[in-house]
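Remarks on the overall topology
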Amino acid sequence: MLILGFESSCDETAAAVVEDGHILHSNVIATSVAEQALYGGVVPEIASRRHAESISRVADQALADAGLTIEQIDAIAVTFAPGLIGAVLVGVNFAKGLAYSAGKPLVPVHHLRGHIAANYLTHPELKPPFLCLVASGGHSHIVEVEDWCRYKVLGRTVDDAAGEAFDKVARTLGLPYPGGPSVSQAAKAGDPHAYKLPVPHVEGRYNVSFSGLKTAVVNEVHNARQKGGDVNVADMAASFQERIAQILAKKLLSAAADTGAKTVCLAGGVAANGRLRQLVNDGAQKLGARVLLPELKYCGDNAAMIAAQGYYEYRDGNLADLTLNGLPTLEIDYR
């Protein structure tokens, strides 16, 4: 079954064709990240305008790269939540129009479910149940994937998400947006033990909190500058990355041990972080659990993951009509 998927929840305009939830035929991404970097983060109005300019082109390119016509597509999937509402609406309305004109079923896909489905593209043998840390943008969740479209949230951030913390720390250190890659790059030359950063306390065994950690970095930088000095950027980047990776890995592995999970996965932009991958891999091996990680190209926002999850949503009967609307927030276990 061939699914044409669309993703436009933030600053990537993407279209892709995926067969049976794991066979990639095409994956096209137009990003406005370089323009957003001028402002130190995503400007929703700019992102929405770039989506409107690019979405028809990426749709045509995805079909061309796959060697297919719209008539050969079986269904159209689109991210409808959560995300920047103006950006989401561009994708939703384009997908609705295309589905109506082509006479194809319309499949609504939750963005975080899509990130989890990125693992199906890398590991076609992966099947639920499994445990997954989803760390993307404003989201940090530890999710028990009970079935293809059934989820149980075990833990989540109570304030800043990991991706947000990376962006804010990068800005404080004078590193470019997006923060995850720039902090990771700077950390390569640093000492991860140079600065003693706190482990924020939070209620809930698997919940996480990064606001205090981010604030500790900001205070360290400001205090140093008030004294006429500065922090070592590489050392601070390495120390921050080490602390955030340790927190995420510890929470995920604790959940894996408590639930007896046999398979542990990562998903989302933060899943590209090498130190996090190493800690999760090493810890899961000690538990006797299998670790499956998405290819780096599937960690960021893309439409292949939406098309992949769209296949399973279609099989589960999750279809939409032309009243489908975009939503800025929605829980991953909404149905």
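Structure: above.
Not measured: the values here are computed from a predicted model.

A look at unusual backbone geometry
Cis geometry is adopted by the peptide bond preceding Pro82, which originates at Ala81 and carries an omega value of -20 degrees. Looking at where Pro82 falls in the secondary structure, it is placed in the loop between strand 4 (75–81) and helix 3 (85–102).

Topic: the sheet that holds strand 3 (residues 23–31)
Taken together, the five strands give an open sheet; going across it, the order is 3-2-1-4-5, and neighbouring strands pair in mixed fashion. Of all strands in the sheet, those with a lone pairing partner are strand 3 and strand 5 (106–110), marking the two edges. Each strand of the sheet is rotated relative to its neighbour by a mean of 20 degrees, with strand direction disregarded. Direction of pairing for strand 1 (residues 2–7) relative to strand 2 (residues 12–19): antiparallel, over a ladder of six bridges. Its bridge partner lying in strand 2, Leu4 is registered against Val17. Strands in contact with helix 2 (residues 44–66) are strand 1, strand 2 and strand 3; relative to strand 2, the strand with the most contacts, it is inclined by about 25 degrees. Against the sheet, helix 4 (residues 111–122) touches strand 1, strand 2, strand 4 and strand 5, its axis set at about 95 degrees to strand 5.

Re the pairing of strand 9 (residues 263–267)
Among the five residues in strand 9, five count as buried, and that is most of the element. A two-sided burial pattern is seen for strand 9, the buried positions comprising Thr263, Cys265 and Ala267 on one face and Val264 and Leu266 on the other. Relative to strand 9, strand 6 (residues 130–136) is paired through four bridges, and the arrangement is parallel. The partner of Cys132 across the bridge, within strand 9, is Cys265.

Points about the pairing of strand 1
Both faces of the sheet carry side chains from a regular strand, because those side chains alternate between them. Where burial is concerned, most of strand 1 is hidden: six out of the six residues are buried. Of the two faces of strand 1, both are covered, the one formed by Leu2, Leu4 and Phe6 as well as the one formed by Ile3, Gly5 and Glu7. Connecting strand 1 to the antiparallel partner strand 2 that follows it, the hairpin turn spans four residues. Strand direction decides the pairing type here: strand 1 and strand 4, joined by four bridges, are parallel. From the neighbouring strand, Leu4 faces strand 4, where its bridge partner is Ile76.

Notes on the packing of helix 6 (residues 179–187) against helix 8 (residues 233–259)
Two numbers describe how helix 6 lies on helix 8: the axes approach to 7 Å, and their chain directions differ by 115 degrees. Relative to helix 8, the element helix 6 is oriented roughly perpendicular. Crossing handedness for the pair helix 6 and helix 8: left-handed. Across the interface between the two elements, Val183, Ser184, Ala186 and Ala187 of helix 6 pack against Ala234, Ala237, Ala238, Phe240 and Gln241 of helix 8. A breakdown of the residues in the contact of helix 6 with helix 8 according to their chemical character gives seven nonpolar, two polar and no charged.

Conventions adopted
Residues numbered from 1 in each chain as written. Predicted model: local features only at pLDDT ≥ 70, side-chain atom pairs only at ≥ 80, totals over all residues. Heavy atoms only, no water. Helix = DSSP H or I, 4+ residues; strand = E, 2+ residues; numbered from the N terminus. Pairing = 2+ DSSP bridges. Axes fitted to C-alpha atoms, helices over the stretch in contact; angles between N-to-C directions. Contact = heavy atoms within 4.5 Å. Buried < 20%, exposed > 50% of the residue type's maximum accessible area, 1.4 Å probe, protein only. Parallel < 35°, antiparallel > 145°, perpendicular 65-115°, else oblique. Left-handed = near helix turned anticlockwise from the far one by under 90°. Nonpolar A, V, L, I, M, F, W, Y, C, P; charged D, E, K, R; others polar.

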